[in-house]
Amino acid sequence: MVIMSKNSIVDFSKIKDELADLAKPIQVLDQNAKVVNQAVFDSFSDDQLVEFMKKMVWERALHEQTMNFSRQGRMGFYAPTAGEEASEMGTVMAMQKQDYLVPAYRDIPQLIQHGATVTEAFLWSRGHVKGNEFEARALMPQIIIGAAYVETAGVALGLKKNGEDAIAFSYTGDGGTSQGDSYEGMNFAGAYKVPALFIVQNNGYAISVPRESQTAAPALTQKAIAAGIPSVQVDGMDILACYSVAKAARDYMLAGNGPVMIETLTNRYGAHSSAGDDPKRYRTDEQQKPWLEKDPLIRLRKVLTDKKLWTEEQEEALIKEYKDSFKDALKQADAVEPEKVSDMLKRTFEVPTPELQAQIAKFEEKESN
Ligand SMILES: Cc1ncc(C[n+]2csc(CCOP(=O)(O)OP(=O)(O)O)c2C)c(N)n1
């Protein structure tokens, strides 16, 4: 280690240490469901609190049912969401239908809440083009990590130029913030002062790579600062905090103040995707245990049960109702005619190149047999 001389012009070690001096993530409920921000808590009606719980139960049920479908070989790509319900439902519930969602692959529950049908989501999972033809004001889920932020900056610029009373909102993971695209998107949004809400769902891992190994930034919120964007960390297992912060960000942006970044501290309980990675190979049960204790459903369930607004029977009935609706949705997806390779090729260019034309003819011949 190089020792700095006493009269050095600058103390970089001190500056680096100061980077790690972070404010506590915003909470309304602590891990034991104790209210830590009474004013915000009191701003919710009993009906709203129940609605928050219902949405999280819905998302958990969607996850469980989709995993079952996956095991039965009836889904295509699926990115598990258990553990991220507060972060996903809390933020999307703060949005309005005129807002423009730019989702990534783990944001299917938000896409459905924003107006896509569950059948469309299942078709998307299967790679069917009809899975992208939803009514929701949203782009199709992005697979290239970080790229959604570039799209969001452009969408938000369009909303601003049209003078719309709407924002663009987007999600990426902790890994996504290590991709150059995410910074380019934020930088553009900051420079053009557009209404873009960048939500980083920090679930601790980019597939198998722990967040600490892929960036030295003490907080991912710090990546927004360089773009001149205000940013804040939120307890991503507290739906009341996620909702309240997202709503405050939306109000701030609609007043013409430019973009915001929110980092939700959360955890993905399951594998990265249904393609079959095994999380036990990159994290231990001991590492997971504290996260399971922070579970967003347990936390809000305790509040509602104490207020006599929720029962186990009610929850069981809801889960059954939701799962039945997902089974119906899959039946509808099964009834949609499968895509042909030739159809996919025909959509590639408005006027197919000679090479494509030859491929189309080849597949049409195969498909006619
Ligand atoms: C540009 C790019 N590089 C690599 C990949 C492969 N890949 C898919 S998901 C993923 C990890 C993403 O992690 P994170 O952003 O933390 O989101 P999470 O999946 O945890 O929600 C990687 C590397 C990709 N999709 N896009």
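As recorded in an unreviewed UniProt entry, the protein goes by 2-oxoisovalerate dehydrogenase subunit alpha and comes from Bombilactobacillus thymidiniphilus. The Catalytic activity (unreviewed entry) field of the UniProt record for the protein holds the comment "N(6)-[(R)-lipoyl]-L-lysyl-[protein] + 3-methyl-2-oxobutanoate + H(+) = N(6)-[(R)-S(8)-2-methylpropanoyldihydrolipoyl]-L-lysyl-[protein] + CO2". UniProt, in the comment section headed Sequence similarities (unreviewed entry), describes the protein in these words: "Belongs to the BCKDHA family."

Asks: Teacher, can you tell me more about helix H6 (residues 118-125) here?
Replies: Residues separated by three or four positions in an α-helix point in the same direction, a consequence of the helix having 3.6 residues per turn. The element H6 is largely enclosed, with a buried count of 8 among its 8 residues. Restricting attention to buried positions, one finds in H6 the residues Val118, Thr119, Glu120, Ala121, Phe122, Leu123, Trp124 and Ser125. For H6, the elements touching its buried residues are helix H5 (108-113) and helix H14 (312-334). Within two residues after H6, glycine 127 carries a phi angle of roughly 80°, on the positive side.

Asks: What should I look at first to understand the domain arrangement of the protein in this one?
Replies: When the parts of a complex come together, some accessible area is lost, and that lost area is often taken as the interface size. Taken domain by domain, the protein consists of domain 1 (21-338) and domain 2 (339-369). Look at where the C-alpha atoms of domain 1 and domain 2 centre, and you get two points 37 Å apart.

Asks: Just to check I follow, could you spell out the packing of helix H3 (residues 46-71) against helix H13 (residues 296-306) for this structure?
Replies: Relative orientation of the contacting elements H3 and H13 amounts to 150°, with a least axis distance of 10 Å. Handedness of the H3/H13 crossing: left-handed. Of H13, the residues touching H3 (which contributes Leu49, Val50, Phe52, Met53, Met56, Val57 and Arg60) are Pro296, Leu297, Leu300, Arg301, Val303 and Leu304.

Asks: Is there a simple way to think about the nonpolar core in this case?
Replies: The nonpolar side chains of a soluble globular protein tend to be buried, and buried together. Among the nonpolar cores identified, the biggest contains 78 residues, and Ala156, Ala168, Leu197, Phe198 and Ile239 are the most heavily contacted of them. Sorting elements by how many residues they give to this core places helix H11 (residues 239-257) first, with 9 residues. What phenylalanine 198 contacts, discounting residues up to four positions off in sequence, is Tyr149, Thr152, Ser170, Met186, Ala224, Pro259 and Met261.

Asks: Where do I start with the sheet that holds strand E1 (residues 100-102) in this structure?
Replies: Strands belonging to one sheet form pairs held by backbone hydrogen bonds; the direction of such a pair is parallel or antiparallel. Strand order in this open sheet of 5 strands is E1-E2-E3-E7-E6, and the pairing throughout is parallel. The two strands at the open ends of the sheet, each matched to only one other strand, are E1 and strand E6 (231-235). Taking each pair of neighbouring strands and ignoring which way they run, the sheet shows an average axis angle of 20°. The sheet contact formed by E6 and strand E7 (residues 260-265) spans 5 bridges and is parallel. Residue pairing across strands places serine 231 opposite methionine 261, the latter belonging to E7. Most of the contacts of H11 go to E7, to which it runs at about 175°, and overall it touches strand E3 (196-202), E6 and E7.

About the cut-offs
- Residues numbered from 1 in each chain as written.
- Predicted model: local features only at pLDDT ≥ 70, side-chain atom pairs only at ≥ 80, totals over all residues.
- UniProt positions renumbered as here; feature names shortened; annotations may be inferred.
- Buried ≥ 20, exposed ≤ 12 C-beta atoms within 10 Å, placed from the backbone.
- Helix = DSSP H or I, 4+ residues; strand = E, 2+ residues; numbered from the N terminus.
- Contact = placed C-beta atoms within 7 Å.
- Domains from an automatic or database assignment.
- Axes fitted to C-alpha atoms, helices over the stretch in contact; angles between N-to-C directions.
- Left-handed = near helix turned anticlockwise from the far one by under 90°.
- Core = buried A, V, L, I, M, F, W, Y, C linked by C-beta atoms within 7 Å.
- Pairing = 2+ DSSP bridges.

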